[in-house]
Every structure is written in C-alpha cells, then in structure tokens.
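Architecture at a glance
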Amino acid sequence: MNADPLTTPEIAWPKVPPKIFVTEGLLPFANAKEFVFFRDKKYFPLLRIECATVNLSFVLTEPKWVPVEYQPVFSTADLTELGLRQEDEYVVLLIVNLNRGLEEATVNLTGPLLINLKTGAAKQVVPLNYANYSCRHKLLKEK
Amino acid sequence: MLVLKRKAGEAIIIGDNIEVRVLRLDGDHVRLGIIAPQMVTVLRSELLEEVRNETQASAVMPAELSQVQLLSQRLKGLTAKKK
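Given the structure is predicted, the values throughout are model-derived calculations rather than measurements. (Residues numbered from 1 in each chain as written. Chains lettered and ligands numbered in written order. Predicted model: local features only at pLDDT ≥ 70, side-chain atom pairs only at ≥ 80, totals over all residues. Heavy atoms only, no water.)

1. Overview of the packing of aromatic side chains
Residues and elements named next belong to chain A.
- Considering all chains together, one arrives at 6 aromatic pairs over all chains under this definition.
- Residues Y70 and Y133 carry aromatic rings whose centres are separated by 4.8 Å and whose planes lie at 70 degrees to one another, so their mutual orientation is edge-to-face. Residue Y70 is located in the loop between β4 (57-61) and α1 (76-81), and its partner Y133 is located in the loop between β8 (121-124) and β9 (137-138); the two are separated by 63 residues in the primary sequence.
- You can call Y70 buried: its relative accessible area is 9%.
- Ring pairs connect the aromatic residues W13, F44 and W65, which therefore count as one cluster.
- Lying across the ring of F38, R48 places its NZ or CZ 5.0 Å from the centre. (Phe/Tyr/Trp six-rings, centres within 6.5 Å; stacked < 30°, edge-to-face > 60°. Helix = DSSP H or I, 4+ residues; strand = E, 2+ residues; numbered from the N terminus. Buried < 20%, exposed > 50% of the residue type's maximum accessible area, 1.4 Å probe, protein only. Lys NZ or Arg CZ within 6 Å of the ring centre and 35° of its normal.)

2. Some points on a nonpolar patch on the surface
All names here are of chain B.
- Together, L25, V30, L32, I34, M39, V40 and V42 line one region of the surface with nonpolar side chains, adding up to about 580 Å² of accessible area.
- By residue number, the principal contributor to the nonpolar patch is strand β3 (residues 29-35), which donates 3 residues.
- Mapped onto the fold, V40 is located in the loop between β3 and α1 (45-58).
- Of the residues examined, V40 reaches a relative accessible area of 30% and is grouped as partly exposed. (Patch = residues over 30% accessible without salt bridge, like charges linked within 9 Å, V, L, I, M, F, W, Y side chains within 5 Å. Areas by Shrake-Rupley, 256 points an atom, 1.4 Å probe, with all protein chains shown as cover. Salt bridge = Lys/Arg side-chain N within 4 Å of Asp/Glu carboxyl O.)

3. Observations regarding the interface of chain B and chain A
- With 34 residues of chain B at the interface, the matching set in chain A holds 50 residues.
- Between chain B and chain A lies a buried interface of about 3,800 Å² when both sides are counted; carbon and sulfur atoms form 65% of it.
- Along the contact surface separating chain B from chain A lie 4 salt bridges.
- Close ionic contact of E54 of chain B with R100 of chain A constitutes a salt bridge, the shortest N to O distance being 3.5 Å. (Contact = heavy atoms within 4.5 Å. Buried area = accessible area lost by both parts, 1.4 Å probe.)

4. Some details on the layout of surface pockets
Residues and elements named next belong to chain B.
- What the second largest pocket holds in volume is close to 380 Å³.
- Counting residues per element, the lining of the second largest pocket draws most heavily on β3, at 5 residues.
- When the residues that make up the lining of the second largest pocket are grouped by side-chain class, the tally is 7 nonpolar, 1 polar and 4 charged. (1 Å grid on protein atoms, 1.4 Å probe; cavity = no way out; pocket = protein on both sides within 12 Å on 5 of 7 lines; lining within 4 Å. Points joined across faces, edges and corners; volume = space filled by probe spheres on them. Nonpolar A, V, L, I, M, F, W, Y, C, P; charged D, E, K, R; others polar.)

5. A short note on helix α2 (residues 65-77) of chain B
- For α2 of chain B, spanning 13 residues, the distance from its first C-alpha to its last is 19 Å, which sits close to the expected 18 Å at 1.5 Å a residue.
- Buried within α2 of chain B we find L65, V68, L71, S72 and L75 of chain B. Buried residues of α2 of chain B, viewed axially, fall in a sector of 105 degrees; they line one side.
- Lining the buried residues of α2 of chain B we find β3 (47-51), β4 and β5 (90-97) of chain A. (Expected span 1.5 Å × (residues − 1). Arc of directions from axis to C-beta.)

6. Some details on the domain arrangement of chain B
- Under the domain assignment used here, chain B contains domain 1 (1-40) and domain 2 (43-83).
- A straight line from the C-alpha centre of domain 1 of chain B to that of domain 2 of chain B covers 36 Å. (Domains from an automatic or database assignment.)

7. Some thoughts on the nonpolar core
- Grouped together as the largest cluster of nonpolar side chains are 53 residues, with contacts concentrated most on I20, F35, F37, F58 and L114 of chain A together with L71 of chain B.
- Contributing elements (two or more residues each) for this core: β1 (19-22), β2 (34-38), β3, β4, β5 and β7 (113-116) of chain A together with α2 of chain B.
- Top element by residues in this core is β5 of chain A. It accounts for 7 residues.
- Each residue touching L114 of chain A, except ones within four places of it in the same chain, is listed here: F74, L79, L82, L84, Y90, V91, V92, A121, A122, K123 and V125 of chain A. (Core = buried A, V, L, I, M, F, W, Y, C linked by side-chain atoms within 4.5 Å.)

8. Structural notes on the sheet that holds β3 of chain B
All names here are of chain B.
- Spatially, 3 strands are ordered β1-β2-β3 in an open sheet, and the strand pairing comes out antiparallel. The sheet is open, and its two borders are formed by β1 (11-14) and β3, each paired with just one other strand. In this sheet, neighbouring strand axes are inclined to one another by 25 degrees on average, regardless of whether the strands run parallel or antiparallel.
- Relative to strand β2 (residues 18-26), β1 runs antiparallel, the two sharing 4 bridges. (Pairing = 2+ DSSP bridges. Axes fitted to C-alpha atoms, helices over the stretch in contact; angles between N-to-C directions.)

9. Structural notes on the side chain of T61 of chain A
- Mapped onto the secondary structure, T61 of chain A falls in strand β4.
- In this view, T61 of chain A contacts P45, L46, V66, L93, L94, V96 and V107 of chain A; residues no more than four positions away in its chain are not counted.

10. What about α1 of chain B?
- End to end, α1 of chain B covers 20 Å across 14 residues, agreeing with the expected 20 Å (1.5 Å per residue, within 8%).
- Taken residue by residue, α1 of chain B has L47, V51, E54, T55 and S58 of chain B as its buried positions. End-on view of α1 of chain B: buried residues confined to an arc of 100 degrees, all on one side of the axis. Facing away from the buried surface of α1 of chain B by more than 90 degrees, the exposed residues are S45 and E46 of chain B.
- For α1 of chain B, the secondary structure elements touched by its buried residues are β4, β5, β6 (106-107) and β8 of chain A.

Written out as structure tokens, the structure reads:
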C-alpha cells in the first residue's frame, strides 16, 4: 500500500519526511503526535497520514493543487519552534475534508501543517495572514 | 482566571511587550487595541475553534478511501498550478 515516491514527470510527490512529529498534537487531538506518511499512486496528488498511536488518519495535499493564490505568512515563533530558518527547509500541506462529499471537498487554508523536512517536526499553525483565507476552501470548481 | 476592571483608554500589559488597550465601549461591544511583536499570533478565539472543528471533521475513515481516490482523479484532471 505504501508506494514509493514515483519519479515519472507527471507524478511528483512533495518532499516529505517518512514520519512527522506534531509535538503539540493536531488542534483537536492533543494525543496524536506521531504520524506516518503514505504515498499511494492511486491517490496522487493526495497523501495520507496515519497516527502511529491512535486510530486517526487524514488526507493532505499541496497548495499547488488548490484553486487559490496561497501565500501563508508564518510567525517567527512558529518557525523558530520547528527549527526553521528558510523556506527550503519546510513543506506546507493542507488538510482535506471529504466529510461533506466529493463535490463539496474542501481544504483548510487557515490551519495548514508546517513540516520541517529534515527533522519531521511539525505543527498545525494559523498563518499571520489568516484573514485572507478560509478553513473550508473548495477544492473542485463548479462543474 | 485573572479578572481586571478597566475603563476606556486604559490598558493591561502581558509579559514584557504585549499591550491590550480598551479603546471604546459600545453597548455590549468592546473595541480592543493590541500591540504585540510580529512573532506573536493574535487570533479571535472563534477562529481557533473553527480550525479545531474543521480538523476534527476532516479525519478520514477507511471506508472513505474510495472517495479519496475519486477526488484524486478529479484533481489530476485539473492542471496543477506551477509552484
């Protein structure tokens, strides 16, 4: 199930560490701290993370797949906490919500996951410019 | 919880460099002015609650993986924006 990242030009997974450590836990799940990435070809460009300790799984995607200009600004407190100094040291992934059905699928632009590529340290952060974005941004345009 | 009484124009200081000032009272509304360093995120508490609820609602059950696959196909049909 856990396919390796593919190198064909049409399939380019984002760089992610194999595991992430969300020291404070995701916002509603304080105990869910360690997650493993699953990159399965059939779900591209969506990735899955599964919690290593609790039965909890999320679907994530990169902002480039979302129909929006997304330029989150992170606080220096958040960047410092994750040991980040410059942009090429982290990846930003968005949590997908499929709860309301396929056509109503959304991503959370106000609570992205900020991940240190080298250490796997991660945090669900609210960007400083959160007012520009929605926590339920539609992924698919109207038919 | 610490409870302080303040009048319009008065302020409280949190830590070394955060100031919260009561600017105006208007019925049951209070207008606050906040001075804080750029590194501190200042949020309305409802926003954090909204992000929390949205994250909770986004947890995926194994039965929903077919939906994930359908969504991935739809996304692949759209052109990925250049990074």
